Structure formats: structure tokens, C-alpha cells
Amino acid sequence: MRCPACASEDTQVTETRVSEDGVEIRRRRRCLACGRRFKTVERIELSLPTVVKKNGARLEFDEKKLRASFALALRKRPVSAEILDAAVRRVEEQLAASGEREVASQRIGELVMAELKKLDKVAYVRFASVYRSFQDVAEFQELVAEVSTRGTSKRVNKKKK
């Protein structure tokens, strides 16, 4: 590791810490040439597939776009940033684990919907209404009924016990 002060490659690790989620390693270092101390962060880099859009265009996977989709659906909903980060990470891990070199954007949309369905029903309906491009109100009502039915049956079961 090169020292940011003097550019010497002669540095020593003085402390290593693994983050709570195990995704990052933080190291404190000391330059043996000038004595300056600095920190570095190592992060796992997943090899993600290329995204194939509906029009056939191929784009590099962009984690910022994925995060923005989640954030828009979850806007003003009671979901913490840590939970959102975990959902984004799960989608990325599923894509990386697939081993595919290319993935259709529709597949990513389905993964996002599955995560949102677990996190927040309102966000799920928001995302699905845009993603599925409903042509009439009946399609939207079916989606809401699907989410409502599941929620109602859970509440009824809890009351019976």
C-alpha cells in the first residue's frame, strides 16, 4: 500500500478490524518512511452480470440505479437505511450467485419486487404499479387485493390464537 503523504510503498498494518456485517475490512497503517498514519478500507467486489434492457441495449450493472429504485418505492415509508442496504445487497448477491454473464432488466425488477414484498406492502404496490405498467384499474385492484388478502389472513390467524 502506497503512503498518501510520501508515496512510499513501505507501510505497516498496525490494526485490522472487520465490519459488523463482515463486508468490509478496515486497516490502520503507518508509513515506515515518513511515519504518517492513515486508514484503508477493503470491500468485497462482486462480479455482476451485464444488464440487457427491453430494447436489447446492454449496460453495466449500476448499484446506484438499483438503490434509487428501492429508495423511490420506499420514500416516506418506515424502513431504515440499514434495511434498504441489506435488500440491495441481497439482490446483488442473487445476481452474482446466478453465474450468468447477462441478466434481463425484467429479472432485476422481479428480484426488487420480491424484496419489497417482504419489506413493505405499500412500497411493493408502488413499485409494481410502475414496473408492470398496468393498462387499467382492474389490474391494479388485483395487485392490491393480492397484498391485502395475505395481510388479512395473517391478522385473522393471530387473533384466533
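Keep in mind it's a predicted model, so treat the numbers as computed, not measured. (Residues numbered from 1 in each chain as written. Predicted model: local features only at pLDDT ≥ 70, side-chain atom pairs only at ≥ 80, totals over all residues. Heavy atoms only, no water.)

A positive phi angle, near 70 degrees, is found at Ala 7, a position not held by glycine. Inspection of the secondary structure assignment puts Ala 7 in the segment before strand 1 (11-18). Owing to a relative accessible area of 44%, Ala 7 belongs among the partly exposed residues under this scheme. One non-glycine residue, Lys 76, lies in the positive phi region at around 60 degrees. Inspection of the secondary structure assignment puts Lys 76 in the loop between helix 1 (63-73) and helix 2 (81-98). Looking at Lys 76, the relative accessible area reads 73%, which means it is exposed. (Helix = DSSP H or I, 4+ residues; strand = E, 2+ residues; numbered from the N terminus. Buried < 20%, exposed > 50% of the residue type's maximum accessible area, 1.4 Å probe, protein only.)

As a further point, take helix 3 (residues 105-119). In this model helix 3 runs 21 Å from its N-terminal to its C-terminal C-alpha over 15 residues, within 8% of the 21 Å that 1.5 Å per residue would give. Those residues of helix 3 that sit buried are Ser 105, Ile 108, Gly 109, Leu 111, Val 112, Met 113, Glu 115, Leu 116 and Lys 117. (Expected span 1.5 Å × (residues − 1).)

For the rest of this paragraph, the subject is the sheet that holds strand 5 (residues 58-59). Here 3 strands make up an open sheet; going across it, the order is 5-4-6 and the pairing mixed. Two strands in the sheet have a free side with no partner beyond their single neighbour: strand 5 and strand 6 (102-104). With 2 bridges joining them, strand 4 (residues 50-52) and strand 5 adopt antiparallel strand pairing. When the bridges of strand 5 are listed, Val 51 appears paired with Leu 59. Running at roughly 70 degrees to strand 6, helix 3 makes contact with strand 4 and strand 6 of the sheet. (Pairing = 2+ DSSP bridges. Contact = heavy atoms within 4.5 Å. Axes fitted to C-alpha atoms, helices over the stretch in contact; angles between N-to-C directions.)

For the rest of this paragraph, the subject is the packing of helix 1 against helix 3. At a minimum axis separation of 11 Å, helix 1 and helix 3 run at an interaxial angle of 40 degrees. As judged from the angle between their axes, helix 1 and helix 3 are oblique. Here the hand of the crossing between helix 1 and helix 3 comes out right-handed. Contacts between helix 1 and helix 3 involve Leu 66, Phe 70 and Ala 73 from the former and Ile 108, Val 112, Glu 115 and Leu 116 from the latter. By residue class, the composition of the contact of helix 1 with helix 3 is 6 nonpolar, no polar and 1 charged. (Parallel < 35°, antiparallel > 145°, perpendicular 65-115°, else oblique. Left-handed = near helix turned anticlockwise from the far one by under 90°. Nonpolar A, V, L, I, M, F, W, Y, C, P; charged D, E, K, R; others polar.)

All right, on to the pairing of strand 3 (residues 37-43) then. By the bridge criterion, 7 bridges tie strand 2 (residues 24-31) to strand 3 in an arrangement that is antiparallel. By the bridge assignment, Arg 26 is partnered in strand 3 with Val 41. Adjacent in sequence and paired antiparallel, strand 2 and strand 3 are bridged by 5 residues, among which Gly 35 carries a positive phi angle near 85 degrees.

A few words on the sheet that holds strand 2. If you trace the 3 strands from one edge of the open sheet to the other, you get 1-2-3, paired in antiparallel fashion. Of all the strands in the sheet, the pair left with one neighbour each is strand 1 and strand 3. Strand after strand, the sheet turns through a mean of 25 degrees between neighbouring axes, direction not considered. The sheet contact formed by strand 1 and strand 2 spans 7 bridges and is antiparallel. Across the sheet, the residue bridging to Glu 15 is Arg 28, located in strand 2.

Three or more residues of helix 1 are buried, namely Leu 66, Phe 70 and Ala 73. The arc enclosing the buried residues of helix 1, seen along the axis, measures out at 70 degrees, which places them on a common side. Along helix 1, exposed side chains directed more than 90 degrees from the buried face belong to Lys 64, Lys 65 and Leu 72. Those residues of helix 1 hidden inside the fold are in contact with helix 2, helix 3 and helix 4 (121-131). (Arc of directions from axis to C-beta.)

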